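The primary structure of each chain is shown beneath.
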Amino acid sequence: MFELNATHNPHRWYIRVERNLCTGPSDRQFLFGGVGMAASIQAMEQTCERPVIWATAQYLSFARPGKIVDLDVVVPVAGRMTTQANVLLHIDDQKIITVNAALGARDAPELDQWVHMPVVNQPDDCPEANYWRGDGSGLNARLEIRVAKGHFHGDKTINERSDGRLVFWLRSREGHEADARMLAIAADYVASGIASATGLHAGGNSLDNTIRYGRIVPCEWILCDVQIEALVRGIVHGRMRLYSPDGVLMATASQSMIMRVHPKPE
């Protein structure tokens, strides 16, 4: 989905902000937050040589197309089993995203799961999402999204409040399988449930994103089960569970977002 570039410093990486990594209106595109988080996770995994357990991002500013974003990895604690690390994404002195994470694993045989994937139609039996913003050059054009329950952000038929649930299938049009990076990108689509929940043509600017990883299995499609939970003082809170097609819980995510109401598309 993107290229993370190394430098002579093993704790510094960089990414070029291309339009195909961005979202937003065509005249105000910016680096998709989930891409920044995915790049941070990759940088920490490669620096620390351990798999990520959880990561939380705080979105501070925007990175526009054409810019180069530096990622500086700091490792405050590296234990026998786990590492605590953080990343600062910045353009010169402008801070874009901060990410904190824990990485590591134990050699333990136990494997279990207590939540279950909702029963929905398979991707081929679900309509493709009608995403109406942008000019077709951004990240959304590189992803195929099919709606299993609810209304995706941008659907012209939205006109009433729902139970806040949105379930959709997501995959890369370029054949990228699910991994920690792809799941981080998918997890940043919690805001897509705001329109279906409120009945408004609305989305959100993410303030943060936290992702916790379960067992990641190779698969093409990811089922994203979104629940918008609360709206107060213009702030929306929501969460997502991300499953493989055979029901493995690969990750959970949660976000808080500034709600943005848009003009109804014609």
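Our subject is the structure listed above.
The rules behind each value
Residue numbering note: each chain is counted from 1, following its sequence as written. Totals for whole chains, interfaces and linings use all residues, but because this is a predicted model, local features are given only for residues with pLDDT of at least 70 and pairs of side-chain atoms are given and counted only at 80 or more. For side-chain calculations, the full set of non-hydrogen atoms in the structure is used, while hydrogens and water are omitted. Each Phe, Tyr or Trp ring (for Trp, its six-membered ring) is paired with any other whose centre lies within 6.5 Å, and the angle between the two planes then decides the class: stacked below 30 degrees, edge-to-face above 60, tilted in between. Numbering of helices and strands starts at the N terminus; helices are DSSP runs of H or I of at least 4 residues and strands are runs of E of at least 2. A positively charged side chain is recorded as over a ring if its NZ (Lys) or CZ (Arg) lies within 6 Å of the ring centre. The angle to the ring normal must also be within 35 degrees. Here a helix's expected span is defined as the number of its residues, less one, multiplied by 1.5 Å. Residue burial is assigned from relative accessible area. The probe radius is 1.4 Å, only protein chains are included, and a residue is buried under 20% of its type maximum, exposed over 50%, and partly exposed in between. Between N-to-C directions, angles cover 0 to 180 degrees, with each direction set by a line fitted to C-alpha atoms, over the stretch in contact for helices. In this scheme, roughly parallel covers angles under 35 degrees and roughly antiparallel covers those over 145, while 65 to 115 is roughly perpendicular and the rest are oblique. Helix crossings fall into two classes, left-handed where the near helix is turned counterclockwise from the far one by less than a right angle and right-handed where it is turned clockwise. We call two residues in contact when some of their heavy atoms are within 4.5 Å. Only buried Ala, Val, Leu, Ile, Met, Phe, Trp, Tyr and Cys residues count toward a nonpolar core, and they belong to the same one when joined by side-chain atoms within 4.5 Å.

Engineer: Mind showing me how you'd approach the packing of aromatic side chains here?
Structural biologist: By convention here, two paired aromatic rings are described through the distance between centres and the angle between planes. Applying the stated rule across the entire model yields three aromatic pairs. Ring geometry for F30 versus F62: centroids 4.7 Å apart, planes at 55 degrees, classification tilted. Pair noted here: F30 is in strand 4 (residues 30-31) and F62 is in the loop between strand 5 (52-59) and strand 6 (68-78), with a separation of 32 residues, a long-range link. A cation sits over an aromatic face here: R181 above F2, 4.5 Å from the ring centre.

Engineer: Quick question: what am I supposed to make of helix 1 (residues 33-48) here?
Structural biologist: An α-helix turns once every 3.6 residues. As a result, residues three or four positions apart point the same way. Between its first and last C-alpha atoms helix 1 spans 22 Å; for 16 residues at 1.5 Å apiece the expected length is 22 Å, and the two agree. In terms of residue burial, helix 1 counts as a mostly covered element, since 13 of its 16 residues are buried.

Engineer: Any chance you could explain the packing of helix 1 against helix 2 (residues 180-187) here in plain terms?
Structural biologist: For any two helices packed against each other, the geometry comes down to the angle between their axes and how far apart the axes lie. At a minimum axis separation of 8 Å, helix 1 and helix 2 run at an interaxial angle of 155 degrees. Taken as axis vectors, helix 1 and helix 2 run roughly antiparallel relative to one another. Considering how the two elements wind past one another, helix 1 and helix 2 form a crossing that is right-handed. Here G34, V35, A38, I41, Q42 and E45 of helix 1 lie close against helix 2, whose contacting residues are A180, R181, A184 and I185.

Engineer: Help me understand the nonpolar core, please; the structure alone is not making it clear to me.
Structural biologist: Side chains of nonpolar character tend, in soluble globular proteins, to be buried together. Membership of the largest hydrophobic core comes to 75 residues, with the highest contact counts inside it found for F2, F168, Y189 and L242. Sort the elements by how many residues they give to this core and helix 1 lands first, with eight residues. Counting seven residues, the second-largest nonpolar core is a separate cluster that includes C126, V167, W221 and L223.

Function cannot be read off these values alone, since they describe shape.
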